[in-house]
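The residues making up each chain are set out below.
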Amino acid sequence: MKKRYLALLCAIVITLILVTGIGIYLKFIVLLPLGLGQEDLAVALPFRMLADEGLRYSVRLAMNATDPPAAAESTAAPTTEETTEATTEAATETTAAPTTEPTTEPATEPTTERTTEPTTAPTTEPTTAPTTEPATEATTAPTTPPSSAPTQPPVTGETWRFIEPQIDFAANGKGDAWFDDVLFIGDSRVVGFRDYARTGGAEYFCNVGMSVFQVMAGIQCSDLGFEAQSLETLLSHRRYGKIIISLGINECGYPLSSFRSAYAELLQTVKTLQPGATIILQGILGVTRGYAGDRSYFYPDNLSRFNEVIKSMTGNGVYYIDPNTLFSDPDGYLYTSISGDGCHPTGKYYRMWADWISYAIAQLGI
Amino acid sequence: MQFNSIEFLCLFLPLFLAIYYIFPVAWRKYLLIFGSLLFYFFSAGQSAPWLGLVWMGVLLLITLATWFLGRLLEKPGRGWLLGLTLGVLFAALAFCKVFQGGAWLPPGMSFYLFGVSAYLIDVYRGRLRAETDLGSYTAGVVMFPKLLSGPIANPASLQYQMDRPRRSLEEIHRGLGELILGLSMKVILGDRLGSLWAQARTVGYDGISTGFAWLALLAFALRLYLDFWGYSLMAMGLGRMLGFHLPRNFREPYRAKSVSEFYRRWHITLNQWFREYLYIPLGGNRKGTVRTMMNLAIVWAATGFWHGVGGNYLIWAAFLCLLIMNERLWLGKFLEKSRVLCHIYTIGAILLSWVPFAIGDLGEMTAFLGKLFGLGTALNPGDALPLLIRYGWLLLAGCLLATPLPRKVWQLLRRSWVGDVALFVLFWVVVYFLATSAQDPFQYFRF
C-alpha cells in the first residue's frame, strides 16, 4: 500500500524535474536568444512548443533570420532595433509598477521631442515605464485620424463615446454580390464575420487564436463550402477573386521582425497560388483600454507598429484598409460601448464592420 | 498566485512541501506561517510588489490584534469589547468593499475576517479557549490552503489540529488526489465551460439566439459549480497534505429537492457561518413566522452584500430569499411529495437565479432574461448548434459531475493503482491546459 502512495509522488516529482529541465533548455538556450518566451515559465514551454504550431513556426523563422547573411544585414536594418525593443518592453513590464494608469499616456500625441530622445524618457519618469515605448514612435506615424467616422467629443479625459457613423456604408459599398468570390483569412474577429455577418457568398478561413505563424505552419480550417484543410491546399484547389487578410492581434506579443517575415511569406503564398486575386490587408483593430490593462503589446502604439508593417506590403494589387478608423477611439483603443469582452465588437457591430469593409473598398476604387 | 497556476503547482508547492516535510514537526507552524505569508505576498502583489507588502502587513496586524483580543475576551462580561471589535472589523470590510469598487479590499479578506470573527465569537461564548500560543494562532488563521477563498474553517477544529499535526503517507497521498481532482474539474471542464459563457458576452446578449442563451446559462451554472467546488477540493487536498482537515464546502448541490436544500449543499461553510453567527442569534425560526421571515431576509441581504456591492447581487439574494420563504410557508409540502417535479423546480429556479448573479448591468440582465424566453431578435438563429457540437461533451461531463455517480466511481478507483495512473495523467493534462491557455482567475477571488 505504502509503495503505491510513494510511486505516485515519485512519478510526479521525477517527471516534473524532467519537464522543468527541458523547459529551462528551451527557454534559455533556444527561445530567449530569439526574443521569444520572456514571459513564460520554463515548465510551461515544452507544452507550448508541443501545442502551438505557430510558436514552432516563428522559432524556425527566427532561427533562419539569425543565419549569418541575414544577421549581417540586420545590424544596420531596423530589425535589431525591434528585437531589443521587444526585450526591453518585457523587462519594463516585469519590473515597473503597472498600477500607473496606462490610460493617460496614449492620449497625448507623440511629440517630436520624445521620438528624438527615446532613451531619456523611461529614466526620468520611472512610474510611467510600462507605457513608454519611446523607440516605437521613431519608425511609425501615429494612427491616422478617423476620416470616415465622425470625431467624437471625449466624455471624460479617458473615455470616448462611440457615435454611429452617419454614412450608410451598405448603400455606398460594393454590394453583396461583390463578396461572392471573396475569401477571408483571419483570427477570432473573422470568426465573428463568419458567424454573425456572412456577406454574399464569401468564404471564411479562420479560427479563434489564429496567427500568421499558424497559417504558415499549415493549420487546418473548414467552412460551409470546404472541409478542414490548410490554406495552401484551399488556395491550390479554388479560385478566389478577392482575398481579405485580417490577422495580427495574436501576434502582437511576438517580435516585429518575425511577424514581418511570416506575413510577407503568407502574402507571397497567396499571390503565387491566386495570381489573379485582389488582396486586401486589414489593419489590426485595437482592444479596449480595460482589456489592454498593463499588457503593453496591446497598446495602440505597438499595434500601429504592426499595422505599419502590414501597410508597407501594399502595392501591385495589394491594398490596405484600417478598421481602427471605424471602431477605435482617437487614442487607438476599441470603443468600450461596442464590445462585450474588450477584444471583439459585439455581434451586431460585425454587420456594420462588414458593410464598412465593402464601403472602404469602394473608396479605394477597386 | 492561484492554485491553478503553473507557478504554484510546479514551483511554489513542490519547494514548499519539500521544506515542510524535511523539517521536524515542531517547526511546522512557523514554516506554515512563512509559506502562507509568501503565498499571500505573491497573490496580493501581483500587480505591484509594494501592494503585496502592504496587504501582508495588514493581514499580520489583524492577526496579531485578534489574537490579543481573543485572550481579553476570555474573561466574562466583555460583550462590549466583542461588539466593538466586530463592529470595527465589519465596518472596515464593508467600507473596503464599497470604496472605489473594492479596489482597496485585500485579497481573500472576506473569507479571512469571517474565520477570525467566528473565533472571537466562539471564545466570547466560552465554546473555545483562547489560543495562548501566537504561532499556533497565526498558522491557523493564515494557512495558505484556505487563505484566499475559504473554506471558512471552524476555528475550534483547526486549533485542535494545530497541536496534533498528522503526518502519514496515506494522508499526503489522499490530499494529492483531492488536489489533482479539484484542479481537473476547474481547469479541464470549468475554465472551458466558462469560455462558452464568455462567448455570449462577446457576441452581446442582445444578439444571441434563445438556444445560445440557454446553453450559455447552463455553462455558467456548471462552470461556477466546477470552479468553486474544484477550488474547495483543492484547498481540502492541500490542507490534508499539510496535515489538516478542512471542512467540505459542497455536497452535490444540484441534487437538492428545494432551493433551501440547495443552499445547505452549496458553499456550506459560508452558509453555516451565516446560520451560526447571524440567523440563530437573531432568533432563527423560534420566534414566530413573521420574525423567521424577517431573519431570513436579513441573512440573505447580508449574503447578497457579501458576494458583492452591485445591485445585481441584491436582486440575486432577494430572488432566492423569496423562493426560500415561499418554500417554508407553502411550497415545501408539495415539494416533499413529488419525486421529479421538485428537481425540475429547483434546477430551474437556481439556473434563473444565476442570471442576476452573472450579469451586473441591469439592461444586459433583462436582455439576457428576455433571450431565455424567446424575446428579441437573434443575429444568427442557428448559432447554438455549432456550440452544442463543440461544447456538448463538456456540458455532458459537467452535468454528470453534478450527480453522485463520479464520487462513487472514484471511491472504487482510488483503492487501486488505476486511480493513481488516472491522477498522474490528469495532473499532466492540467499542466498542459494551464501552459497552453491564458489564465482565468477564480470567480470567487473577488469576494
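Residues numbered from 1 in each chain as written. Chains lettered and ligands numbered in written order. Predicted model: local features only at pLDDT ≥ 70, side-chain atom pairs only at ≥ 80, totals over all residues.

Caption draft 1: Structural detail: the confidence of the model for chain B. All names here are of chain B. With 97% of its residues at a pLDDT of at least 70, chain B reaches an overall mean of 90. Long-range and interchain partners of residues 439-447, a stretch whose pLDDT sits below 50, account for 20 contacts in this model, where long-range means more than four residues apart. The complex model carries a pTM of 0.83, and its ipTM stands at 0.84. (pLDDT = per-residue confidence, 0-100. Contact = placed C-beta atoms within 7 Å.)

Caption draft 2: A look at the domain arrangement of chain B. All names here are of chain B. Taken domain by domain, chain B holds domain 1 (6-165) and domain 2 (171-438). Distance between the C-alpha centres of domain 1 and domain 2: 27 Å. Counting from both sides, the interface comprises 25 residues of domain 1 and, opposite them, 22 residues of domain 2. Those elements giving two or more residues to the side of domain 1 that touches domain 2 turn out to be α1 (6-22), α4 (79-98), α5 (109-125), α7 (144-147) and α8 (155-163). Residue contributions to the side of domain 1 that touches domain 2 peak at five residues, all from α1. Here the residues of the side of domain 1 that touches domain 2 sort into 17 nonpolar, six polar and two charged. (Domains from an automatic or database assignment. Helix = DSSP H or I, 4+ residues; strand = E, 2+ residues; numbered from the N terminus. Nonpolar A, V, L, I, M, F, W, Y, C, P; charged D, E, K, R; others polar.)

Caption draft 3: Layout of the environment of Leu128(B). Residues and elements named next belong to chain B. With respect to the helices, strands and loops of the structure, Leu-128 is situated in the loop between α5 and α6 (134-142). Classification of Leu-128 as buried rests on a count of 20 C-beta atoms within 10 Å. Residues Leu-128 and Gly-70, spaced 58 residues apart in sequence, show a C-alpha to C-alpha distance of 9.9 Å. Beyond its immediate chain neighbours, meaning those up to four positions away, Leu-128 contacts Tyr-119, Asp-122, Val-123, Pro-155, Ala-156 and Gln-159. (Buried ≥ 20, exposed ≤ 12 C-beta atoms within 10 Å, placed from the backbone.)

Caption draft 4: Geometry of unusual backbone geometry. All names here are of chain B. Each neighbour pair has its own omega, and for Gly-150 with Pro-151 the value is 5 degrees, a cis peptide bond. On the secondary structure map, Pro-151 appears in the loop between α7 and α8. Positive phi outside glycine occurs at Glu-252, with the angle close to 40 degrees. As for its position among the elements, Glu-252 is in the loop between α10 (210-242) and α11 (259-265). Look at His-267: it is not a glycine, yet its phi comes out positive at around 45 degrees. Relative to the assigned elements, His-267 resides in the loop between α11 and α12 (268-279).

Caption draft 5: Region of the structure containing the sheet that holds strand β2 (residues 203-206) of chain A. Residue and element names in this part refer to chain A. One open sheet accounts for five strands, arranged β2-β1-β5-β6-β7; its pairing is parallel. Two strands in the sheet have a free side with no partner beyond their single neighbour: β2 and β7 (318-321). The average angle at which neighbouring strand axes cross in this sheet is 20 degrees, direction not considered. Note: strand β1 (residues 182-186) against strand β5 (residues 242-246), five bridges, orientation parallel. From the neighbouring strand, Phe-184 faces β5, where its bridge partner is Ile-244. Packing against the sheet, helix α9 (residues 188-196) makes contact with β1, β2 and β5, and its axis sits at approximately 150 degrees to β2. Sitting on the sheet, helix α16 (residues 347-364) touches β5, β6 (278-282) and β7, and the angle it makes with β7 is about 125 degrees. (Pairing = 2+ DSSP bridges. Axes fitted to C-alpha atoms, helices over the stretch in contact; angles between N-to-C directions.)

Caption draft 6: Structural detail: the nonpolar core. Among the nonpolar cores identified, the biggest contains 207 residues, and Phe184(A), Ile185(A), Ala216(B) and Ala219(B) are the most heavily contacted of them. With 23 residues, the single largest contributor to this core is α10(B). Filtering out sequence-adjacent residues up to four positions away, Ala216(B) remains in contact with Leu196(B), Trp197(B) and Ala200(B). (Core = buried A, V, L, I, M, F, W, Y, C linked by C-beta atoms within 7 Å.)

Caption draft 7: Geometry of the packing of helix α13 (residues 288-307) of chain B against helix α14 (residues 311-337) of chain B. Residue and element names in this part refer to chain B. For the pair α13 and α14, interaxial distance at closest approach is 8 Å and the crossing angle is 150 degrees. In this view, α13 runs roughly antiparallel relative to α14, as classed from their interaxial angle. Note on packing geometry: the crossing formed by α13 with α14 is right-handed. Residue-level inspection shows Met-293, Leu-296, Ala-297, Trp-300, Ala-301, Thr-303, Gly-304 and His-307 of α13 in contact with α14, the latter providing Tyr-313, Leu-314, Trp-316, Ala-317, Leu-320, Cys-321, Ile-324 and Met-325. When grouped by side-chain class, the residues that make up the contact of α13 with α14 number 13 nonpolar, three polar and no charged. (Parallel < 35°, antiparallel > 145°, perpendicular 65-115°, else oblique. Left-handed = near helix turned anticlockwise from the far one by under 90°.)

Caption draft 8: Structural detail: the interface of chain A and chain B. Taken together, the contacts link 30 residues of chain A with 28 residues of chain B. Those elements that place two or more of their residues in the side of chain A that touches chain B are α1 (2-31), α2 (45-51), α9 and α16 of chain A. Ranked by residues supplied to the side of chain A that touches chain B, first place goes to α1(A) with twelve residues. Grouping the amino acids of the side of chain A that touches chain B by side-chain chemistry returns 17 nonpolar, six polar and seven charged.

Caption draft 9: Geometry of α16(A). Across its 18 residues, α16(A) extends 26 Å between first and last C-alpha, which sits within 8% of the 26 Å expected from 1.5 Å per residue. Listing the buried residues of α16(A) in full gives Gly347(A), Tyr349(A), Tyr350(A), Trp353(A), Ala354(A), Asp355(A), Trp356(A), Ile357(A), Ser358(A), Tyr359(A), Ala360(A) and Ile361(A). Against α9, β5, β6, β7 and α15 (324-327) of chain A together with α9 (169-203) of chain B lie the buried residues of α16(A). (Expected span 1.5 Å × (residues − 1).)

Caption draft 10: Spatial organisation of the confidence of the model for chain A. Residues with a pLDDT of 70 or more make up 74% of chain A, whose mean pLDDT is 77. Predicted confidence is poor over residues 68-157 of chain A, with pLDDT under 50, and the contacts of this stretch with residues over four places away or in other chains come to 120 contacts.

Caption draft 11: Quick peek at the packing of helix α3 (residues 49-73) of chain B against α5(B). All names here are of chain B. For the pair α3 and α5, the least separation of the axes is 9 Å and the interaxial angle reads 10 degrees. Classified by the interaxial angle, the pair formed by α3 and α5 is roughly parallel. Taking contact as the criterion, the partners of Ile-62, Thr-66, Leu-69, Gly-70 and Leu-73 in α3 are, on α5, Val-116, Tyr-119, Leu-120, Val-123 and Tyr-124. Along the lines of polarity and charge, the residues of the contact of α3 with α5 split into eight nonpolar, two polar and no charged.

Caption draft 12: Inspection of the pairing of β1(A) at higher detail. All names here are of chain A. A large share of β1 lies buried, amounting to five of its five residues. On β1, burial covers both faces: Val-182, Phe-184 and Gly-186 on one face and Leu-183 and Ile-185 on the other are all buried. Sheet analysis places β1 next to β2, joined by four bridges and oriented parallel. Following the sheet pairing, Ile-185 is matched in β2 by Phe-205. In this view, the connection linking β1 to its parallel neighbour β2 by way of α9 has right-handed handedness. (Right-handed = clockwise from strand over helix to strand, strands pointing away.)

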